[in-house]
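Spelled out from the first residue to the last, the chains are:
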Amino acid sequence: MTGRAIARRHLLAGAGLGAFAAPAILRAQEEAIRIGEINSYTTQPAFLIPYRNAWILAQEQVNAAGGINGRRIETLFRDDAGRPEDAVRLAGELLRSERVHLLAGGFLSHVGLAVADFANQHRRLYVASEPLSDALVWSRGNRYTFRLRASTYMQSAMLVEEAAKLPARRWATVAPNYEYGQSAVRWFKELLQRARPDVRFVAEQFPALGRIDAGATVQALAAANPEAIFNVTFAADLTNFVRQGATRGLFERRQVVSLLTGEPEYLEPLGDEAPENWIVTGYPWEQIDTPEHSAFREAYQRRWNTNPYLGSVVGYETVNAIATMLRRVNGTETEAMVEAMRGLRFQSVFGPVEFRAIDHQSTMGAYVGRTVLRDGRGTMADWRYADGANYLPPDEVVRQLRPAAT
Amino acid sequence: MVPPVLEVEGLAKAFGGVQALAGVSLRVAAGEMLALIGPNGSGKSTCFNLINGQLRPDAGRVRLAGRDITGLPPRRAWRLGVGRTFQLTATFGSMTVRENVQVALLSHRRRLHGLWRPLPGQARDAAMALLARLGLEEQAERPCGILAYGDLKRVELAMALAHEPRLLLMDEPTAGMAPPERAALMALAAAIARERGIAVLFTEHDMDVVFGHADRVLVLERGRVIAEGAPAAVRADPRVREVYLGTGAVLGAG
Amino acid sequence: MAENLLLQALSGLASASSLFLVAAGLTVIFGVTRIVNFAHGSLYMLGAYLAWTLVTALPRGPLGFWGGVLGAALLVGLIGVLVEVLLLRRIYRAPELFQLLATFGVVLIVQDLALLVWGPQDLLGPRAPGLRGSVEILGLRFPLYDLFLIAVGPAVLGLLLLLFHRTRWGTLVRAATQDREMVGALGVNQRLLFTSVFFLGACLAGLGGALQLPRESVNLHMDLAIIVEAFVVVVVGGLGSLVGAFLAALLIGELHAFGILVFPRITLVLVFLVMAVVLVLRPHGLLGRPPEAPPAGAGGAEPPLRPAPPALRRLGAAALAAAVLLPPFADAYALSVLTEMAIFVLFAASLHFIMGPGGMASFGHAAYFGLGAYAAALLAKWAAAPMAAGLLLAPFAAGLFGLLFGWFCVRLSGVYAAMLTLAFAQIAWSVAFQWVEVTGGDNGILGVWPDAWAADPLAYYYLTLAFCLGATLLLRRVLHAPFGYALRAQRDSPLRAEALGVDAFQVRWLAFSLAALAAGIAGGFFAYAKGSVFPTALSIPRSVDALLMVLLGGVRTLSGPIVGAIAFTGLQEQLMRLVELWRLALGAVIVALVLFFPQGLAGAARAAYERRHGPAGA
Ligand SMILES: Nc1ncnc2c1ncn2[C@@H]1O[C@H](COP(=O)(O)OP(=O)(O)OP(=O)(O)O)[C@@H](O)[C@H]1O
Ligand SMILES: [Mg+2]
């Protein structure tokens, strides 16, 4: 079910449905608002297929409700194959050949950064959905780039809050060897030591992304005999790490604090081997029963006949944010859209979110809780929604972190 | 006294357990044709490889016009005047016959590092002259990759002569040719050698060629010299006859 | 302490065993067929997926599990046979490394097929019955299954050695490994031999994948994650040597297990450091033998260079005129694609320079492309230098590294040389990736935009065209000059070249550096075309792209890399935009091209021309 052809067919079907539902408002002759969406579909399908599904759902809903001031929105999806240079080329194609009104998307940090810089150079709006890198809004932030997802810093800060409550003083870290893993570890160390000066870090491991030698890594961590572990590995690396760690008893009598592990993308594949009692950020989709989320969940299940993943929320809310912004501006002039994005507030399925004017970071948060096994599969318990607004540095620090003043 | 062009002393080489060459000494004077003969595997090619530096000897010396060239790599030996042809022809298959010779000529003139002027226009006349001398004008524009074996042997000879060598080593120069062709080629080689005063050392399995063109003959067996001298004397040597009887080769009427 | 080290060593052994299984199949296949089988990782991945399907479908219990694992291995063996019979068998006579292109097509196809069949989510297989838990060793727990894996490696090695030394088939395989021609002469059914060897190799890859089921999740990245490392093991061990591969796997497994204790961040580069050191010290790996002389002109000798025939010259002139005259009418996006094409034409031509006429394949040519890009970007970032300075520095930086790395690489030959270039490229890549303070790490360098005078896409296109095309033509000129002949001379017959006073090392070294310099020019223009530089600019996929372009166009013609670069860039650009399953489509197109044009596109064009007009030039 990955065909763009399929996506396109649904897109058309959705548009037709919209026209049927609200023929008065939707005028066919009015030019559609075009969004150019670039993502690493072929290299990250596990996250991005649910993401695109929800994107299409959200777009259908917007169009069914009459579009934006009478204009439909439509999206051109492009696959960058995980290569920033291709993403830049496709951004050019979307802007210049396809004449899209804004760019969006992104999963990998470096691809997001490349498109962000391209957008800045060409003065076009880029709404980055997923790339976690802090650089995207801080050190290399620019006027035209906004980011939806809670950043590495924010998610690390959420976990530090929990980690600081633990008695553990000897910590070890394990993270994939690239920018995301390194910054997560850096922030975690810095913030935890600020909160708990008695904490020491006794070991760190940086396996290559996607190629963890889990046995050796687990053994190396165990040799340092930490009281607690901060884990940043995810996807296949996580599975291998969990299996080796469980068999070798690494997690016994040790607290594990783990980024992203509560997301169904990563928890589900672990099946009944999902670790228990880890403190994680994630998305307990089946337990969130706020009206907004329930409505989203049901619509998604109806539309795609499957359960939502976190990627689904990210895709859905990116469209939601863009649509809200577009309703505020008259037309699609970039500077107007940028001004509308700054400080934009909208209701997400997680709760109210704001795109901060100071650094263009949204305050969309994440759920923090413990992992448990229920009915032979992993899920989250004792969770709470951590609003992103509470996990960002003070404004004067942010201003230092973000040299681009605007 | 003028030293001989080539002077080899006590040359020895072993491959693992096989003593391919066990103390061979020989001399070749300018303009002289010395034939090195012996059954298969007796060490002839090895001897060539040691002289031009393709292999390092275990013991012994090689002197070229009095200068010790033992162990010098082939390209240095070549610069000092050692040209050779190979038993299994070695030419540049992706070039025409003329270009093969031009590469040799330009290398000799130290112009092979040129990055700009196309090669086909350089040393063209000299190349054509050399090819004409060897009766290869017709073939000049043909790719070496598709040449008949006998022609390749002649191309090799042309390349080996391109730098006006003092010493020419020819490893079975007529293998793969028809008999009349063989005689013609050897006559030509002998003529050129004499006219330019080149010392020639060659191996050959065709005894007509050997006895027809060599000034002297040296017989190897299992890496040792078992006979040396004028063709007639060598042909009459009982030990030589014995060695060759075993191999079934024909020494010719004696 | 000591018990920790012992367990670390055991962990290293377990990974070594896993690595060996994959490498064993690869080395057996290479030994006999001389095919650089890029699809070996795909076979490994298929082994894991098929095992998952079988094991979860069969009844639980030892029989279901082990039956599933072995069944998967056999199925993968059959898939290997299919690939060999339908594809590779038809191109054994193509120029060296051409088969790599075909196997790369298979990689692309398998990637999309696996996604279609098994879906995007990672899959978790069950643990092995009876080997779920752990044993206590000196008071520490060690997984039983890893203990089992440690035994599997040597067991498989032993069985293979028995097979090769105690059976007639094995004797033939060994003979073929040592001398391919001879086996043909012995009247052995070579086809059957090759097919059976492919079956065995594929089975081993499948087994390697299937045996990971209880350890790792099954996912769509397994193929590329394993293939490079498997190659490293094969090359470090010595191509075609099973025992060598075993030793190399041990070496790498253990160095890795202990390396991360001291340098946790060494994971990215360790295997390549090992390979570089081993190859510099032992040019044929631990137990490899010097390769037999390359099959003299597999696919016939290369035709001589001749001045282009009038038809080709007219075509070239027309293409050039189009490249100069039409762009003002093109939109900005088309211009960016054309700019990219011009850059890749030079990049491919520079690789072709050493690979075709030089006879030295490189699997790491992106190093010089990327170094050029980084040189330009770093100068812009740290010295705020104008674009011209960066573009000027790029070739010098790349050329300098070409001199440095080339000094080691050009001493080696064949796949060994190619893998050493890869090792250096990966070392350069990991420096760019990990030296965050200077290079920005994987977040790259941003803001490398052209100066105002060249900011207009049309202006930048003309600038790129002038320099990249100019450099391509210069390389072409050099190939017609004596140096180019010296380069081909040492490739055609090293023996003869040396005996004519040609210093092959010098010639190769200089050629390598020239090619690096030219790639650096391309890299510099690439940086400013994209506005940013990331480690991907010198990564393996970038090197592979260059290889594919050269092979697609045809190694044996001078126009090959030009045609190949344009065709490949254009094809990929179109397919990526328009087709959802673009990898499947691109893979299928590559396979089709390989089958129909085993001499490459330009090679096929020349053959067609010659059929009508007699021998033509390049
Ligand atoms: N490179 C080598 N490695 C191992 N053994 C070698 C090598 N070269 C030659 N030999 C061995 O040395 C001996 C002499 O070989 P050589 O080629 O010199 O003989 P030859 O007299 O030229 O024979 P032919 O008449 O067949 O050309 C043979 O036993 C051969 O097997
Ligand atoms: Mg011989």
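A word on the overall build of chain B
No. 1: The number of helices and strands found in chain B is nine helices and 10 strands.
No. 2: Relative to the 2.2 N^0.38 estimate, which gives 18 Å for 254 residues, the radius of gyration of chain B is 18 Å and therefore close to what a compact globule would have.
No. 3: Its C-alpha atoms give chain B principal-axis dimensions of roughly 60 × 40 × 40 Å.
No. 4: Within the span of chain B, comprising 254 residues, buried residues form 57% of the whole.
No. 5: Within chain B, contacts between residues separated by at least 24 positions form 63% of all contacts whose residues are at least 6 apart in sequence.
No. 6: By element, 53% of the accessible surface of chain B is carried by carbon and sulfur atoms, the whole surface being about 10,200 Å².
No. 7: Averaging the positions of the 31 positive and the 25 negative side-chain charges in chain B gives two centres separated by 7 Å.

A look at the confidence of the model for chain B
No. 1: Counting all residues, the mean pLDDT for chain B is 90, and 96% of those residues have values of 70 or more.
No. 2: Here helix H9 (residues 238–247) of chain B stands out as the least confident element of chain B, with mean pLDDT 74; helix H3 (residues 97–108) of chain B is the most confident, with 96.

Describing unusual backbone geometry
No. 1: The backbone phi angle of A:Arg253 is positive, close to 55 degrees, even though this residue is not glycine.
No. 2: Despite not being glycine, B:Glu164 has its phi angle at roughly 45 degrees, a positive value.
No. 3: Along the chain, B:Glu164 turns up in the loop between helix H5 (149–161) and strand S7 (167–171).

A word on the interface of chain A and chain C
No. 1: On the chain C side, the residues contacting the 70 residues of chain A number 73 residues.
No. 2: Where chain A abuts chain C, roughly 6,200 Å² becomes buried across the two surfaces, and 49% of that area is made up of carbon and sulfur atoms.
No. 3: On the surface where chain A and chain C come into contact, there are eight salt bridges.
No. 4: Taking the shortest distance from any N to any O, the salt bridge between C:Glu340 and A:Arg89 comes out at 2.9 Å.

Notes on the side chain of A:Gln287
All names here are of chain A.
No. 1: On the secondary structure map, glutamine 287 appears in the loop between strand S10 (279–282) and helix H10 (291–304).
No. 2: Here methionine 380 takes part through its backbone oxygen, which lies 2.7 Å from a polar atom of the side chain of glutamine 287.
No. 3: Beyond its immediate sequence surroundings of up to four residues, glutamine 287 is in contact with Arg297, Arg374, Thr379, Met380 and Trp383.

Brief notes about the pairing of S7(B)
All names here are of chain B.
No. 1: With five of its five residues buried, S7 lies for the most part within the structure.
No. 2: The alternating pattern of S7 places Leu167, Leu169 and Asp171 on one face and Leu168 and Met170 on the opposite face, and all of these are buried.
No. 3: Where strand S6 (residues 82–85) lies against S7, four bridges are found, and the strand directions are parallel. Paired with arginine 84 across the two strands is leucine 169, which belongs to S7.
No. 4: Alignment of S7 against strand S8 (residues 199–203), held across five bridges, turns out to be parallel. Bridge pairing in S8 links aspartate 171 to threonine 203.

As for helix H2 (residues 45–64) of chain A
Residue and element names in this part refer to chain A.
No. 1: Between its first and last C-alpha, H2 extends 28 Å over 20 residues, near the 28 Å set by a 1.5 Å rise per residue.
No. 2: Counting buried residues along H2, 18 of its 20 residues qualify, which places the element largely inside the surrounding structure.
No. 3: Positive backbone phi, at 105 degrees, marks glycine 66, one or two positions downstream of H2.

Observations concerning the coordination of the magnesium ion (ligand 2)
No. 1: Within the protein, the atoms that donate to the magnesium ion (ligand 2) are B:Ser45 (OG) and B:Gln87 (OE1), at distances of 2.0 to 2.1 Å. Residue B:Ser45 is located in helix H1 (residues 44–51), and its partner B:Gln87 is located in the loop between S6 and H3; the two are separated by 42 residues in the primary sequence.

Some remarks on the site of ligand 1
Residue and element names in this part refer to chain B.
No. 1: Ligand 1 sits among 14 residues. The nearest are Gly41, Lys44, Ser45, Thr46 and Gln87.
No. 2: Taking serine 45, its side chain carries an N or O atom lying 2.8 Å from an oxygen atom of ligand 1.
No. 3: At a separation of 2.8 Å, an oxygen atom of ligand 1 approaches a polar side-chain atom of glutamine 87.
No. 4: About the coverage of ligand 1: the protein hides 62% of its 620 Å² of free accessible area.

Thoughts on the packing of helix H1 (residues 2–33) of chain C against helix H8 (residues 190–210) of chain C
Residue and element names in this part refer to chain C.
No. 1: With their axes 7 Å apart at the nearest point, H1 and H8 run at an angle of 165 degrees to one another. In this view, H1 runs roughly antiparallel relative to H8, as classed from their interaxial angle. The element H1 and its partner H8 pack so that their crossing is left-handed. Contact residues: Leu21, Ala24, Gly25, Val28, Ile29, Val32 and Thr33 in H1; Phe194, Val197, Phe198, Leu200, Gly201, Ala202, Leu204 and Gly208 in H8.

Some thoughts on the domain arrangement of chain C
All names here are of chain C.
No. 1: Here chain C is partitioned into domain 1 (2–286) and domain 2 (333–539).
No. 2: Between domain 1 and domain 2, roughly 1,700 Å² of surface is buried when both sides are summed, and carbon and sulfur atoms account for 84% of that area.
No. 3: If you sort the residues of domain 1 by the area they bury against domain 2, Leu97, Leu268 and Phe272 come out on top, with a joint share of 28%.
No. 4: There are zero salt bridges connecting domain 1 and domain 2.
No. 5: Applying the counting criterion to the domain 1 and domain 2 interface returns three residue pairs in polar contact (both at pLDDT 80 or more).
No. 6: Among the secondary structure elements, those contributing two or more residues to the side of domain 1 that touches domain 2 are helix H9 (222–237) and helix H11 (270–281).
No. 7: It is H11 that provides the largest number of residues to the side of domain 1 that touches domain 2, a total of six residues.
No. 8: Within the side of domain 1 that touches domain 2, the residues separate by chemical class into 18 nonpolar, three polar and one charged.

A word on the interface of chain B and chain C
No. 1: Taken together, the contacts link 37 residues of chain B with 32 residues of chain C.
No. 2: Summed over both sides, the interface of chain B with chain C buries roughly 2,900 Å², with 64% coming from carbon and sulfur.
No. 3: Looking at the side of chain B facing chain C, the largest losses of area belong to B:Arg75, B:Ser94 and B:Leu115, adding up to 23% of the total buried there.
No. 4: C:Asp503 is the salt-bridge partner of B:Arg75, the closest N and O atoms lying 3.5 Å from each other.
No. 5: There are 15 residue pairs in polar contact (both at pLDDT 80 or more) connecting chain B and chain C.
No. 6: Those elements that provide at least two residues to the side of chain B that touches chain C are helix H2 (74–79), S6, H3 and H5 of chain B.
No. 7: Ranked by the residues each element gives to the side of chain B that touches chain C, the list is headed by H3(B), at five residues.

Cut-offs used in this document
- Residues numbered from 1 in each chain as written.
- Chains lettered and ligands numbered in written order.
- Predicted model: local features only at pLDDT ≥ 70, side-chain atom pairs only at ≥ 80, totals over all residues.
- Heavy atoms only, no water.
- Helix = DSSP H or I, 4+ residues; strand = E, 2+ residues; numbered from the N terminus.
- Rg over C-alpha atoms; globule rule 2.2 N^0.38 Å.
- Buried < 20%, exposed > 50% of the residue type's maximum accessible area, 1.4 Å probe, protein only.
- Contact = heavy atoms within 4.5 Å.
- Areas by Shrake-Rupley, 256 points an atom, 1.4 Å probe, with all protein chains shown as cover.
- Lys, Arg positive; Asp, Glu negative; His and termini not counted.
- Charge placed at Lys NZ, Arg CZ, Asp CG, Glu CD.
- pLDDT = per-residue confidence, 0-100.
- Buried area = accessible area lost by both parts, 1.4 Å probe.
- Salt bridge = Lys/Arg side-chain N within 4 Å of Asp/Glu carboxyl O.
- Polar contact = N/O pair within 3.5 Å; in protein donor to acceptor, adjacent residues only side chain to side chain.
- Pairing = 2+ DSSP bridges.
- Expected span 1.5 Å × (residues − 1).
- Donors = N, O, S within 2.8 Å, 3.2 Å for Na, K, Ca; no water.
- Near = heavy atom within 4 Å.
- Axes fitted to C-alpha atoms, helices over the stretch in contact; angles between N-to-C directions.
- Parallel < 35°, antiparallel > 145°, perpendicular 65-115°, else oblique.
- Left-handed = near helix turned anticlockwise from the far one by under 90°.
- Domains from an automatic or database assignment.
- Nonpolar A, V, L, I, M, F, W, Y, C, P; charged D, E, K, R; others polar.

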